[in-house]
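One letter stands for each residue in the lines below.
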Amino acid sequence: MRGTADRPLDVVVHDRSLLLTDCLVAAFTRAGLTAASSTEAERAPAVLLLDPQARGASDVSARLAATQTRILLLGAPPSSAAEVVGRDQPVAVVVQAVRRALTGRAARPAPPSTGALTRREQQVLTLVSRGARNDDVSATLGISSHTVRTHVQNVLAKLEQPSRHAAVAYAHRHGLLDDVASSP
Amino acid sequence: VNGSRLPDAVVLGDEVALSRTALAQALLQAGVRRVAEAGDVAQAHALVRRTRPDVVLVSESLSGGGVSTFCAQHAGREPVLVLSPTTEHASLLGALTAGAQGYLGRDEPLSALLAALQALHRGEAVVPRRMLGGLLHDLVQQRRRADEETSRVDALSRREREVLELLAEGMGQVEIAAVLVISPQTARTHIQNVISKLGVHSRVEAVALAREHVSGRAS
């Protein structure tokens, strides 16, 4: 831990692997942030990068519950409740996510209100995301392909996306896809 | 020979992008000059052949077969250090018997990894100190068992040993009797004595033990 006497602590890392914890602290330090492992940290950081499956994870997050610390989960299954960074990302992406959290923006931009898409539009988008063409969607949902096209156009307009492909990527990022429609 | 220098070049095989890139960056920062990153066994082999590293660092569960597959196909002399998520006796034995020269848990600090890389670069083996007890215990037990078996084979009479050798060639009681010019009943008695003296339950087990004993002596 460096510069803790005169600078606030930017990020504390708590991973199941001490080796990775050390490497991440080194990466953050190199990126100009003040960083420490949870065992070294003496006060609440701005961001806690937490592996929820690490030993003592609940103790660490409980200790910081009353503070302003923002928690980023490391490698947890995606959940709408928490901000998550994946282990399948290179370290540079994790450093970026922490930087974004520090500047107050969420690691995942807030999704539009779920009310923006109607239930039917959500179903259509989910089918499209699985590679269905308009004909397939029409057959699956029992609606005309003209109606499907209208739904898709409305989805693109509401999400402000230029293409089906872009809309699907956007929906994946924001967890907008409908699980119900996925069952055959 | 290499003092306490870090290796110049390392091939790093790790299937998880975050830990691979974070480790690579940390190694470069610590003074390793070249770190080549591989996501699976095949890539790791290709990089070892191409970059001729001083040390190979591989994740125990590297995609494409893990450490055992990697080591089995690793023809080079570069020492291999295995990174294991948990340090368990069985996984340590697995890594060492596969041919790795070092073993380290991911629950160790970065400084321990750097020290391990230096040690491997010097030609030393690396085993976590607290696991040495278990490893020695295993070796001692193995040795005791081998000694005990040896002494049991040594306790056989000359005739019984002849019978055991013929058994090992696949002969039955009648054939043994013919070869040694004794009655089948005597051959049977010898076989029974061999089995009871060796403390085994069958002719097959007796032969298996004898083979191990003989090959153990040869090596």
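These remarks concern the structure in this document. (Residues numbered from 1 in each chain as written. Chains lettered and ligands numbered in written order. Predicted model: local features only at pLDDT ≥ 70, side-chain atom pairs only at ≥ 80, totals over all residues. Heavy atoms only, no water.)

1. Quick word on the sheet that holds strand β1 (residues 11-14) of chain A
All names here are of chain A. Short version of the rule: A pair of strands is labelled paired if DSSP reports no fewer than 2 bridges between them. Going along the chain from the N terminus, every DSSP run of H or I of four or more residues is numbered as a helix, and every run of E of two or more is numbered as a strand. Structural elements are reduced to axes, namely lines fitted to C-alpha atoms, with helices fitted over the stretch in contact, and the angle between N-to-C directions of any two is expressed from 0 to 180 degrees.
In space, the five strands of this open sheet follow the order β2-β1-β3-β4-β5, with parallel pairing throughout. At either margin of the open sheet sits one strand with a lone partner, and together these are β2 (35-37) and β5 (83-85). Averaged over all pairs of adjacent strands, the angle between their axes in this sheet comes to 25 degrees, without regard to strand direction. When β1 meets strand β3 (residues 47-50), the two strands line up parallel, connected through four bridges. Bridge pairing links Val-12 to Leu-48 in β3.

2. Remarks on the nonpolar core
What counts, and what does not: Here, nonpolar core means buried Ala, Val, Leu, Ile, Met, Phe, Trp, Tyr and Cys residues that are tied together by side-chain atoms lying within 4.5 Å of each other. A 1.4 Å probe rolled over the protein chains alone gives each residue an accessible area, and that area as a share of the maximum for its type sets the label: buried under 20%, exposed over 50%, partly exposed in between. Contacts are assigned to residue pairs that have any heavy atoms within 4.5 Å of one another.
Formed by 47 residues in total, the largest nonpolar core has its most connected members in Leu24(A), Phe28(A), Leu49(A), Leu27(B), Leu57(B), Leu81(B) and Leu113(B). Ranked by residues supplied to this core, first place goes to helix α5 (residues 110-121) of chain B with eight residues. Filtering out sequence-adjacent residues up to four positions away, Leu113(B) remains in contact with Leu19(A), Leu23(B), Leu27(B), Leu57(B), Leu81(B), Leu83(B) and Leu104(B). One finds Val11(B), Leu47(B), Val127(B) and Leu135(B) within the second-largest nonpolar core, a separate group that totals 22 residues.

3. Side note on the sheet that holds strand β4 (residues 80-84) of chain B
Hydrogen bonding along the main chain pairs the strands of a sheet, whether they run parallel or antiparallel. All names here are of chain B. Sheet architecture is open: five strands sit in the order β2-β1-β3-β4-β5, paired in parallel fashion. Across the chains shown, the open sheet's two edge strands, defined by having one partner strand only, are β2 (34-38) and β5 (102-105). Shown here is a sheet whose adjacent strand axes are inclined to one another by a mean of 20 degrees, direction ignored. Pairing geometry for strand β1 (residues 9-13) and β2, over five bridges, is parallel. In the sheet register, Ala-9 faces β2, and the bridge partner there is Arg-34. Against the sheet, helix α1 (residues 17-30) makes contact with β1, β2, β3 (55-59) and β4, and its axis sits at roughly 170 degrees relative to β2, the strand it touches most. In this fold helix α2 (residues 41-51) packs onto β1, β2 and β3, with an angle of close to 150 degrees to the strand it touches most, β2.

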